[in-house]
Amino acid sequence: MSQRRAPLAPDPRELDPRAARAWTEPMAVTPLSGGCYAVETDHGSYTVDVPGRRCTCPDHRYRHERCKHLRRVAIEINLERAPPPGKRRADCAACGDEAFVPETAEPPLCTDCRLDPGDVVTDRETGDTLVVRRVRSDRADEYVIEATGKTVAAHETNERYPANDLVVDVVYLGDELRNREPRVYAFPYSRLRRVEDAAIVD
Ligand SMILES: [Zn+2]
Ligand SMILES: [Zn+2]
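All figures in this text were calculated on a predicted structure; none of them were measured in a lab. (Residues numbered from 1 in each chain as written. Chains lettered and ligands numbered in written order. Predicted model: local features only at pLDDT ≥ 70, side-chain atom pairs only at ≥ 80, totals over all residues. Heavy atoms only, no water.)

1. A short note on the overall build of the protein chain
Counting its secondary structure elements, the protein chain contains five helices and 11 strands. Taken against the 2.2 N^0.38 rule, which gives 17 Å for 202 residues, the C-alpha radius of gyration of the protein chain at 24 Å runs more than 25% over that of a compact globule. The principal-axis extents of the C-alpha atoms in the protein chain amount to approximately 65 × 45 × 30 Å. Counting across all 202 residues of the protein chain, residues that qualify as buried make up 37%. Long-range contacts, defined here as pairs at least 24 residues apart, represent 44% of the contacts in the protein chain between residues at least 6 apart. Accessible surface, the protein chain as shown: approximately 12900 Å² in total, 47% of it carbon and sulfur. Charge-centre separation for the protein chain: the mean point of 31 positive side chains lies 7 Å from the mean point of 36 negative side chains. (Helix = DSSP H or I, 4+ residues; strand = E, 2+ residues; numbered from the N terminus. Rg over C-alpha atoms; globule rule 2.2 N^0.38 Å. Buried < 20%, exposed > 50% of the residue type's maximum accessible area, 1.4 Å probe, protein only. Contact = heavy atoms within 4.5 Å. Areas by Shrake-Rupley, 256 points an atom, 1.4 Å probe, with all protein chains shown as cover. Lys, Arg positive; Asp, Glu negative; His and termini not counted. Charge placed at Lys NZ, Arg CZ, Asp CG, Glu CD.)

In structure tokens form, the structure reads like this:
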């Protein structure tokens, strides 16, 4: 079965005039924080507030219209040219791919690489089950383990993993279940395998 042939952009002749201008006029959209975007046009610069559905242009302020700037920001978000509110564009600190990540996430991680506190992972070396406490912004060759005075990368069992891996704080699941304050260990990111990934591979 063949796909129905269709244009990628709408036909401006069939659009509401404001929507047509939103698609066709040259504008530059720059994300600010808190769901706001700066929109530069040939006639001026305006600020669009997506959650508040507001724009600083006269068309919106005086005529209360859904102006071309509000529409343009919505289009750019839909086309993934601009991050949605609450997200920012960043290079993933683990795989390096560009992604939209939560605005305040540090380190920035794409959906594939993200580890959240409480996620269950396994140690690729021992098969032990661990629970993630946090992903640090430190790299394995920078972060010194207090108990040994050596970096995570210099730890004997971590030789196989990249020296520039992120460091992940974990606790052993058994400790977590038995102790109120289980001891926290620093692991290189690549040494950990998410449990759902493990289920697919094994
Ligand atoms: Zn506007
Ligand atoms: Zn990634």
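2. Topic: the domain arrangement of the protein chain
Under the domain assignment used here, the protein chain contains domain 1 (12-78) and domain 2 (120-201). Relative placement of domain 1 and domain 2: their C-alpha centres are 46 Å apart. (Domains from an automatic or database assignment.)

3. Concerning the coordination of the zinc ion (ligand 1)
Looking at the zinc ion (ligand 1), one finds its protein donor set to be Cys 55 (SG), Cys 57 (SG), Cys 67 (SG) and His 69 (ND1), positioned 2.1 to 2.3 Å from the metal centre. Around the zinc ion (ligand 1), the four donor atoms sit at angles spanning 103 to 113 degrees, and that spread fits a shape best called tetrahedral. Mapped onto the sequence, the residues coordinating the zinc ion (ligand 1) show the spacing C-x1-C-x9-C-x1-H. Look at His 69 and you get buried, because its relative accessible area is 4%. (Donors = N, O, S within 2.8 Å, 3.2 Å for Na, K, Ca; no water. Tetrahedral: all angles 85-135°; square planar, octahedral: opposite > 155°, others 65-115°.)

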